[in-house]
Amino acid sequence: MARSAAAKAASGRVSPPLPPNPAPTQPIPGTVSTSSKNKNKGASKRPHDYTSEGVADNDVFLLPGSDYQLLLGITFLAAAVRLFRIYQPTSVVFDEVHFGGFASKYIKGKFFMDVHPPLAKLMITLFGYLAGFDGNFDFKEIGKDYLEPGVPYVAMRLFPAICGVLLAPTMFLTLKAAGCRTFIAAMGACLIIFENGLLTQARLILLDSPLMIATAFTALAFTSFTNQQELGPSRAFSPSWWFWLVMTGLGLGMTVSIKWVGLFTIAWVGGLTLVQLWVLWGDHKNVTISTFSKHFLARAFCLIAIPVAFYMAMFGIHFLCLVNPGEGDGFMSSEFQSTLNSKGMQDVPADVLMGSKVSIRHVNTQGGYLHSHPLMYPTGSKQQQITLYPHKDDNNLWFLENQTQPLGADGLPINGTNAWNNLEETPYIKNGAIIRIYHVPTHRRLHSHDVRPPVTEAEWQNEVSAYGYEGFDGDANDFFRVEIVKKKSKAGVAQERLRTIDTKFRLVHVMTGCVLFSHKVKLPAWASEQQEVTCARGGTLPNSLWYIESNEHAKLGPDAEKVNYANPGFLGKFWELQKVMWKTNAGLVESHAWDSRPDSWPILRRGINFWGRNHRQIYLIGNPIVWWSATAAVVIYILFKGIAVLRWQRSFNDYADPVFKRFDYEIGTSVLGWALHYFPFYLMQRQLFLHHYFPALYFSVIAFCQIFDFVVARISALGLKKNPLIGKAGALLFLLISVAAFTLLSPLAYGNAWTKAECKRVKLFNTWDWDCNTFLDSYEAYDQLANSPAAASPTSTSKPSVNVQAPVPAENPVAAGEQAKAPAVEQPKEKVSGAPAAGEQRVVHTEERVEYRDQDGNLLDMEQVKALEGKVEFKTRYETRTRIIDAAGNEVFVGAQEGAPVPVAPPHPDVEGVDRETPKNLVPDESIPAAEKSVEGEKEAEGKVPKPASESKEKTAKEEL
């Protein structure tokens, strides 16, 4: 029932509401308001409390039966659209590489590091596990077949699909809770159903659909709570009031437990909650300090304690599932790693003596071990390599000895590595001691000299090697001085002498003054891609810090003092993982083939290429009618607000009208949600993609529907309120246009067959960069392709580079003169995946060639290349291509058509893109002089995250074979 009353009249001008206008809860000085009739009473004065004018009880549990029937129909329609052919494609698509792979790791219990919280990944794993997934499929690359290994991928896609289905009825209920007419709420729900971008994300093993339903549920809960709050003191602390407040807290917990984008939702709810508390504080006649405290504590518990507890509980489950070492444990500290199965170690002697056999770990770069092996540098001194190795190994063992051998009773040096075992008093290694570090397996000593390292060829870095042989006394370049860093070491004796684990120290090369140093630069294959170790002059402290993990000495018996890693406990592991996630997320700054910047999102400038095969393509693009209308709604409100403020300044009494105030507050609330989910991305330098706009899009669609509702049903001056048929007809017409746009672009969402002509007809802009040449000329051609024997033939593929600005690949075609020698390739009938069986093909001839292409994949001639030299950066990418010929020597074309673009999943986490506006600068882990910055290797990035490739393994850029 609508609650209305006459506002208190006074003289003066109208005070403006805070943006967004929180529907004043007490008389604003100088406000003149119209009066309205109450169903049970005549005209009455507005109550002197925080009840808002023009607000009805919009409890979604009290809707008429017809609304619930309509809600059920909307749900069925959403299910039909979302679940249609969800089984296709039958191979890995886009970021299923990452999130499907995480499900495998959960089931195997192998620890991994991901920048996203675990809730959605846990749910995807649960659906897969219940469907019989055993975790043996690795989701290694885009296009890897699901059918042959029997992966229950449909069940795993079902969870995001269910979230996508529920998004439509949630929108319906949210609009009803906001006071919209039923037909407008239904229109809003259908706009969500027929939004191509949301459809594409909801059909794959991705996190954005769960994120959207969690965000939408939070918006529904808080809108319903706000409605109860605005009905005044009579509804405060009622069951409905408490229910929606608790649901808001749970929604916030779910949203932030899926992606940290949920922090923007928390900001939206938090900002509006502060407005509510401010209004309550102003109602001093009806809200006592005691009552206000109850309101404050209720919100603090539900909107802070519940989300935090839920978020931490998800990480508790995460830790319970991941108990074994895995690829991600290298990101974590040694203390964290020690809590994983087989990663813990026995107690070790605390004191480090001359003659101790130790393993030395690096502090900063995930604690790799100082390591050597009997391989030589191919350049520089060509002496034995020194690297950082992440796993325990005998080649990590070093013997600590004084710069001179100990003297015996006769005053002569005692030679040999056991010389320190027989002394009456074996000296400790104290701060400032000069030592030699002897590699036990290869009998060489740690050594440095004024030679540039093999990869980081900077003047301020020297090569570190292992030099000498068994029985060799060494030279002065073997001497290192121990410098204990007291502020990093455990207080007490560990700050005075070396102690296992507790002492953090630097090793200063005596002859050159450089410091033993390591950073995140990988050596090439000749060093097994292990991490580089150098001797740096002026290296930063974190990257030049070391500590001793294992320690053995003949004089340190069973009774010696022992130490071990401190167990960090749940809170320690939780907090450390949050810091690693934040640091890793901030480091995702390199450009990618399909990224985009925030200014392009509201106008739908470009999409994301997900997958391509067999003349079909999945390309994420939104419904332009929905996107542009939603953007227009935001612009309309911004113009309205600007004009309203200008009129207020000129003493117009616009805010005396309850409808005007409700328009400002209700739509302002939605636009605030849009702004808080959109503008923070301008502050980010990390990779950004179109899908990051989806939460903001949801709020802008709400704003559009609310404006439509005000125009056709609430603003009397427009004349449409008296003729509801016009409003319904307008909503139906707009919906039909949206459905038409959805239908035209739907082949890109479903991966259906499409023709070149139809593709070109709907490709309105060049920035919509899917390639119409991917598709065949007619649907009959698809039927012929399906019936062709060549359609079942396998094809070798090549992996695309993540950066399409790279100059171009080598190709391995079969020479035309030798085609007749190549055997015919036949695919066994029982094969499903299209993968060739071993031994069915042979390489007859290989050729290599170099091509240069621009960022759009266009082939450049040599004159253009010469003109660009010195102006742009060329990056190299290698590809292998295989041409298949039949017994008659005819080339067999299979897979994607020539020139078809193929997707590249981005370096984890998130989805694709590369825009030239993306910042190119990296976020280093250590500060290095700008002129001599170390180069991060490509192998390093590949070691951190999967580098998926398309099924046809063509370049992402458009190209002609």
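Residues numbered from 1 in each chain as written. Predicted model: local features only at pLDDT ≥ 70, side-chain atom pairs only at ≥ 80, totals over all residues. Heavy atoms only, no water.

## Focus: the overall build of the chain
1) Next: Helices and strands together make up the secondary structure of the chain, namely 20 helices and 20 strands.
2) Next: Buried positions account for 56% of the 961 residues belonging to the chain.
3) Next: Accessible surface computed for the chain: about 40500 Å², of which carbon and sulfur atoms make up 59%. (Helix = DSSP H or I, 4+ residues; strand = E, 2+ residues; numbered from the N terminus. Buried < 20%, exposed > 50% of the residue type's maximum accessible area, 1.4 Å probe, protein only. Areas by Shrake-Rupley, 256 points an atom, 1.4 Å probe, with all protein chains shown as cover.)

## Points about the packing of helix α7 (residues 208-230) against helix α15 (residues 694-714)
1) Next: Two elements in contact, α7 and α15, have axes separated by 10 Å at closest approach and are oriented at 40°. Crossing handedness for the pair α7 and α15: right-handed. Contacts between α7 and α15 pair L211, M212, T215, A216 and A219 from the former with F694, P695, Y698 and F699 from the latter.
2) Next: Within the contact of α7 with α15, the residues separate by chemical class into 8 nonpolar, 1 polar and no charged. (Axes fitted to C-alpha atoms, helices over the stretch in contact; angles between N-to-C directions. Left-handed = near helix turned anticlockwise from the far one by under 90°. Contact = heavy atoms within 4.5 Å. Nonpolar A, V, L, I, M, F, W, Y, C, P; charged D, E, K, R; others polar.)

## Let's talk about α15
1) Next: Over its 21 residues, α15 runs 29 Å from end to end, which matches the ideal 30 Å to within 8%, given 1.5 Å per residue.
2) Next: Of all the 21 residues making up α15, 20 are buried; the element is thus mostly covered by neighbouring parts of the structure. (Expected span 1.5 Å × (residues − 1).)

## Quick notes on the packing of aromatic side chains
Aromatic ring pairs are reported here in terms of the distance separating the ring centres and the angle at which the planes meet.
1) Next: In the structure shown here, the tally under the stated rule is 64 aromatic pairs.
2) Next: With a centroid separation of 6.1 Å and an interplanar angle of 75°, the aromatic rings of W628 and F765 are classed as edge-to-face. Here F765 lies in the loop between α17 (756-762) and α18 (779-787) and W628 lies in helix α13 (residues 624-649), a separation of 137 residues in the sequence.
3) Next: Accessibility expressed as a relative area gives 37% for F765, which makes it partly exposed.
4) Next: Here R497 stacks its cationic end above the ring of Y428, 3.9 Å away from the centre of that ring.
5) Next: The ring of F336 has K573 sitting right over it, with the charged end atom 5.1 Å from the ring centre. (Phe/Tyr/Trp six-rings, centres within 6.5 Å; stacked < 30°, edge-to-face > 60°. Lys NZ or Arg CZ within 6 Å of the ring centre and 35° of its normal.)

## Topic: the side chain of Q276
1) Next: Mapped onto the elements of the fold, Q276 is located in helix α9 (residues 262-282).
2) Next: With relative accessibility at 7%, the residue Q276 sits in the buried group.
3) Next: Aside from chain neighbours lying at most four places away, what touches Q276 is F222, F225, T226, Q229 and R299.

## Overview of helix α4 (residues 153-177)
1) Next: Between the first and last C-alpha of α4 there are 37 Å, a value that for 25 residues agrees with the 36 Å anticipated at 1.5 Å per step.
2) Next: At F159, α4 shows its largest bend, some 30°, and a proline, P160, comes one to four positions later.
3) Next: A large share of α4 lies buried, amounting to 21 of its 25 residues.
4) Next: The first or second residue beyond α4 is G179, which carries a positive phi of 95°. (Bend = angle between axes of the 7 residues up to and from the residue.)

## Some words on a nonpolar patch on the surface
1) Next: A cluster of nonpolar side chains, namely F61, L62, Y68 and F243, defines an oily patch on the protein surface of about 420 Å² accessible area.
2) Next: Topologically, F61 is positioned in the segment before α1 (65-83).
3) Next: Accessibility expressed as a relative area gives 54% for F61, which makes it exposed. (Patch = residues over 30% accessible without salt bridge, like charges linked within 9 Å, V, L, I, M, F, W, Y side chains within 5 Å. Salt bridge = Lys/Arg side-chain N within 4 Å of Asp/Glu carboxyl O.)

## Re the pairing of strand β5 (residues 397-402)
1) Next: Sheet topology note: the strand β2 (residues 357-362)/β5 ladder contains 3 bridges and is antiparallel. When the bridges of β5 are listed, S359 appears paired with L397.
2) Next: In terms of strand pairing, β5 meets strand β6 (residues 434-439) through 5 bridges, oriented antiparallel. Residue pairing across strands places L400 opposite I437, the latter belonging to β6. (Pairing = 2+ DSSP bridges.)

## Let's talk about the state of the cysteines
Between two cysteines, a covalent bond joining their sulfur atoms is known as a disulfide.
1) Next: Considering all chains together, one arrives at 2 disulfides under this definition.
2) Next: Covalent S-S linkage joins C759 and C772, the inter-sulfur distance amounting to 2.0 Å. Across the disulfide from C759 to C772, rotation about the S-S bond amounts to roughly -75°, and the bridge is consequently left-handed. Of this pair, C759 sits in helix α17 while C772 is found in the loop between α17 and α18, placing the two residues 13 residues apart along the sequence. Side by side, C759 and C772 carry an identical accessibility label, which is buried. (Disulfide = S-S within 2.5 Å.)

## Some words on the pattern of salt bridges
1) Next: Tallied over the entire structure, the rule returns 28 salt bridges.
2) Next: For D138, the salt bridge is made with K144, and the minimal N-O distance between the two is 2.6 Å.
3) Next: What makes K144 partly exposed here is its relative accessible area of 28%.
4) Next: The salt bridge partner of E552 is K357, with a shortest N-O separation of 3.9 Å.

## Observations concerning the environment of R157
1) Next: Along the polypeptide, R157 turns up in helix α4.
2) Next: A sequence separation of 46 residues divides R157 from R203, and the C-alpha atoms of the two residues are 6.1 Å apart.
3) Next: Every residue in contact with R157, bar those within four places of it in the chain, is listed here: I86, Y87, Q88, P89, S91, V93, E96, Y146, A202, R203, L204 and I205.

## Here we look at unusual backbone geometry
1) Next: Cis peptide bonds are those with omega within 30 degrees of zero, and the linkage from Q88 to P89 qualifies with 0°.
2) Next: Positionally, P89 belongs in the loop between α1 and α2 (96-108).
3) Next: Non-glycine residue R85 carries a positive phi angle of around 50°.
4) Next: Structurally, the position occupied by R85 is in the loop between α1 and α2.
5) Next: Phi is positive for S342, close to 70°, though the residue is something other than glycine.
6) Next: With respect to the helices, strands and loops of the structure, S342 is situated in the loop between α11 (334-337) and β1 (348-349).

## A word on the nonpolar core
1) Next: Counting residues in hydrophobic clusters, the biggest one holds 162 residues, and the most contacted among them are F139, M187, L191, F610, W674, V701 and W770.
2) Next: When residues in this core are grouped by element, the largest group, 15 residues, is from α15.
3) Next: Residues within four places of F139 in sequence aside, it is in contact with V92, E96, V97, G100, G101, S104, F133, Y146, V151, M156 and I205.
4) Next: Grouped together as the second largest cluster of nonpolar side chains are 33 residues, I386, V482, F505 and L516 included. (Core = buried A, V, L, I, M, F, W, Y, C linked by side-chain atoms within 4.5 Å.)

## Quick notes on the confidence of the model for the chain
Keep in mind that low pLDDT regions are not for reading the predicted coordinates in detail.
1) Next: For the chain, the average pLDDT comes to 81, and 77% of its residues sit at 70 or higher.
2) Next: Per-residue pLDDT stays below 50 along residues 790-843; that stretch engages in 155 contacts with residues further than four places along the chain or on separate chains.
3) Next: Considering only residues more than four positions removed or in separate chains, one finds that residues 893-961, a stretch of pLDDT under 50, has 256 contacts. (pLDDT = per-residue confidence, 0-100.)

## With respect to the environment of R481
1) Next: With respect to the secondary-structure elements, R481 resides in strand β9 (residues 480-484).
2) Next: Using a relative accessible area of 27% as the deciding quantity, one classes R481 as partly exposed.
3) Next: For the pair R481 and Q403, spaced 78 residues apart in the sequence, the C-alpha separation amounts to 9.8 Å.
4) Next: With residues up to four places along the chain from it excluded, the contact list for R481 reads G432, A433, I434, R506, L507, V508 and V510.
5) Next: A polar atom in the side chain of R481 sits 3.2 Å from the side chain of E483. (Polar contact = N/O pair within 3.5 Å; in protein donor to acceptor, adjacent residues only side chain to side chain.)

## Here's the deal with the packing of α4 against α15
1) Next: One can describe the packing of α4 onto α15 by two numbers: an axis separation of 11 Å at closest approach and a directional angle of 45°. Judged by the angle between their axes, α4 and α15 are oblique. Classified by chirality, the crossing of α15 by α4 is right-handed. Contacts between α4 and α15 involve L167, T170, M171, T174 and L175 from the first element and Y698, V701, I702 and C705 from the second. (Parallel < 35°, antiparallel > 145°, perpendicular 65-115°, else oblique.)

## Observations regarding the pairing of strand β12 (residues 531-536)
1) Next: Among the 6 residues that make up β12, 6 are buried, leaving the element largely enclosed by the rest of the structure.
2) Next: Neither face of β12 is left uncovered, since the one carrying Q531, V533 and C535 and the one carrying E532, T534 and A536 both have all their residues buried.
3) Next: Bridge count between strand β4 (residues 384-389) and β12: 2 bridges; the pairing is antiparallel. Following the sheet pairing, T387 is matched in β12 by E532.
4) Next: Sheet topology note: the strand β8 (residues 461-467)/β12 ladder contains 3 bridges and is antiparallel.

## With respect to the side chain of T442
1) Next: Here T442 lies in the loop between β6 and β7 (444-448).
2) Next: Side chain to side chain, T442 and H439 meet in a polar contact 2.6 Å long.
3) Next: Not counting the four nearest positions on each side in its chain, T442 is found in contact with P374 and Q384.

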